[in-house]
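# Survey of secondary and tertiary structure
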Amino acid sequence: MTTLGDSFLTAWQLVAAADTRLAGIVWLSLRVSFAATLIACVVGMPIGALLAVGRFPGRRVLIVLFNGLMGLPPVVVGLLVYLLLSRAGPLGAFGLLFSPTAMVIAQAILVTPIVAALTRQVIADEWAEYREQLRSLGASRSRAAATLLWDGRFSLSTAALAGFGRAIAEVGAVMIVGGNIDGVTRVMTTTIALETSKGDLPLALALGLVLIAVVLSINAVAYAVRGWAERKWG
Amino acid sequence: MTVWLAIDGLGLIEGGTTIIDSATLTLSAQRNVVLGPNGAGKSTLLRLIHGLLHPSGGRIAWPTSLSQAMVFQRPVMLRTTVLANVEYGLKLKGYATAERRRRAGESLARVGLEHIAARPARLLSGGEQQRVALARAWALEPELLILDEPTASLDPASSREVERIIDEIAASGTRILMTTHNLGQAKRIAEEIVFIDRGRIVEQTAVEPFFTLPQTEAAQRFLQEETP
């Protein structure tokens, strides 16, 4: 128990001192996962909305596909992106492997289906309520999708958060395509995995605490903003 | 009076159930109210005419094409201001921003809500929301306004206000086609009554003879049951 207690103490000191090495890792994690979530929202939300209101062949298949892809194993995504970006791969010429960009790509692929599937659910509920009114006013389906994306913006924050939560917490994909290079591609989750296996529990624990704190505070802020917005707009 | 809508043998079958049964009807009066028992198919008929549902058979013919708007029993408000809700319909019709704002403002003034133009629409009372929905429809200056039980979920005061607005819209020359459960309202608004029962159009009569001496037994029974 003393090792655990000591580890916590050291971990806390690292956090309190805003250790530069720790801060660099946290900052990279946030940047990579935020960029990946942003891309996933820009791509996934319109896809989700069109799946909810659209009528085109293959729609049902796509819905099942996106729902299924929500559970994509990060290591598999990492492996696929690795194959794409490796020197011999189709995108090898860009030299992106083992860079933060590669990590953003992998996480974006991982998170887009989550955002799309959750968006589809939110927009489908809205569509059931708004459908006749929007059609009566002459909205095309793509116009209706855009309107509902804006109208459902507060509910959709949950989809974005779920995506961000998935991105920041995953370790398999960023480990494979980032390579966990110190000072370059080392993020919170890969560091925790590495330091734990090396036996450096304080740093691992410190990062674990920060990771939990980040996820909790982002959720708390989003919850507060959503509550405020819903009271304001109904 | 010239005929503005001719429906011939219109039918709607959904999941083996006949909802509208070969309806044949011509409308030429300016103010038309569709009456009938619950589940008779009143709302469905309106939705078929408005184009929200596709008929299983028959045809709907418009001698001259009329611009339409529809107001529903429960108003659907977007999560934005009252003014932006009214502007939304105009935006879809392609009006430029300044023109849109002007028309939406005027329309809100006509329903007596210009003072709450900046308020979030979803937080208004049901009666106010229905007036916003009427303003949204009116701003489009439709040649035909379809209303599906517009006062069914409103209190008496709000109902009267909505009725006053419908009356004004009609007075501006717009054709009215509406359903209601309120017989007093039907009497006040309608020139002509279309009576529908179990998906069939049973009777079409001018408003006074309908309420004094309906031609069909079904309509007589309906009036007896509905009159307190």
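Residues numbered from 1 in each chain as written. Chains lettered and ligands numbered in written order. Predicted model: local features only at pLDDT ≥ 70, side-chain atom pairs only at ≥ 80, totals over all residues.

Our focus in this paragraph is the overall build of chain A. Each helix and strand in chain A was counted, giving 10 helices and zero strands. Secondary structure elements in chain A, listed N-terminal to C-terminal, are α-α-α-α-α-α-α-α-α-α. Here the C-alpha coordinates of chain A stretch approximately 65 × 50 × 25 Å along the principal axes. Here chain A holds 234 residues, and 40% of them are scored as buried. Pairs at least 24 apart in sequence give 79% of the contacts found in chain A among residues at least 6 apart. (Helix = DSSP H or I, 4+ residues; strand = E, 2+ residues; numbered from the N terminus. Buried ≥ 20, exposed ≤ 12 C-beta atoms within 10 Å, placed from the backbone. Contact = placed C-beta atoms within 7 Å.)

The subject of this paragraph is the interface of chain A and chain B. Often, the extent of an interface is quoted as the loss of accessible area on bringing the components together. With 14 residues of chain A at the contact, the number on the chain B side is 15 residues. No other element matches the six residues that helix α5 (residues 100-136) of chain A contributes to the side of chain A that touches chain B. Considered class by class, the residues forming the side of chain A that touches chain B number four nonpolar, four polar and six charged. (Nonpolar A, V, L, I, M, F, W, Y, C, P; charged D, E, K, R; others polar.)

Turning next to the nonpolar core. All names here are of chain A. Counting 131 residues, the largest nonpolar core has A106, V115 and V177 as its most contacted members. Per-element accounting of this core gives the leading share, 18 residues, to α5. Aside from chain neighbours lying at most four places away, what touches V177 is G78, V81, Y82, L85, L97, A102, M103 and A106. (Core = buried A, V, L, I, M, F, W, Y, C linked by C-beta atoms within 7 Å.)

Residue and element names in this part refer to chain B. Read from one edge of the open sheet, three strands run β2-β1-β4, paired in antiparallel fashion. Each edge of the open sheet is held by one strand with a lone partner, namely β2 (17-27) and β4 (57-61). Along the sheet, successive strands turn relative to each other by an average axial angle of 20°, direction set aside. Where strand β1 (residues 5-14) and β4 come together, four bridges link them in antiparallel fashion. Within β4, the position partnered with A6 by the bridge is A61. Strands β1, β2 and β4 of the sheet are contacted by helix α1 (residues 42-50), whose axis makes an angle of about 65° with β2. (Pairing = 2+ DSSP bridges. Axes fitted to C-alpha atoms, helices over the stretch in contact; angles between N-to-C directions.)

Residue and element names in this part refer to chain B. Among the 11 residues that make up helix α2 (residues 82-92), eight are buried, leaving the element largely enclosed by the rest of the structure. Within α2, burial applies to V82, L83, N85, V86, E87, Y88, G89 and L90. The secondary structure elements touched by the buried residues of α2 are α3 (97-110) and α4 (126-139). Following α2 by one or two positions, G94 has its phi on the positive side, about 90°.

A few words now on the pairing of β1(B). A regular strand places its side chains so that they alternate between the two faces of the sheet. Residues and elements named next belong to chain B. Alignment of β1 against β2, held across seven bridges, turns out to be antiparallel. Along β2, the bridge assignment pairs L12 with I20. Here β1 folds back onto β2 in antiparallel fashion, the turn holding two residues, of which G15 has a positive phi close to 55°.

Residue and element names in this part refer to chain A. Here T147 is to be found in helix α6 (residues 141-151). Since 21 C-beta atoms lie within 10 Å of it, T147 is described here as buried. Residues T147 and V122 lie 25 residues apart in sequence; the distance between their C-alpha atoms is 13 Å. Residue contacts for T147: discarding those within four places in its chain leaves L134 and A139.

Right, let's talk about the sheet that holds strand β8 (residues 192-197) of chain B for a bit. Residues and elements named next belong to chain B. The six strands lie next to each other as β5-β6-β7-β3-β8-β9, forming an open sheet whose pairing is mixed. What marks the edges here is a single partner per strand, and that holds for β5 (68-71) and β9 (200-206). Strand after strand, the sheet turns through a mean of 15° between neighbouring axes, direction not considered.

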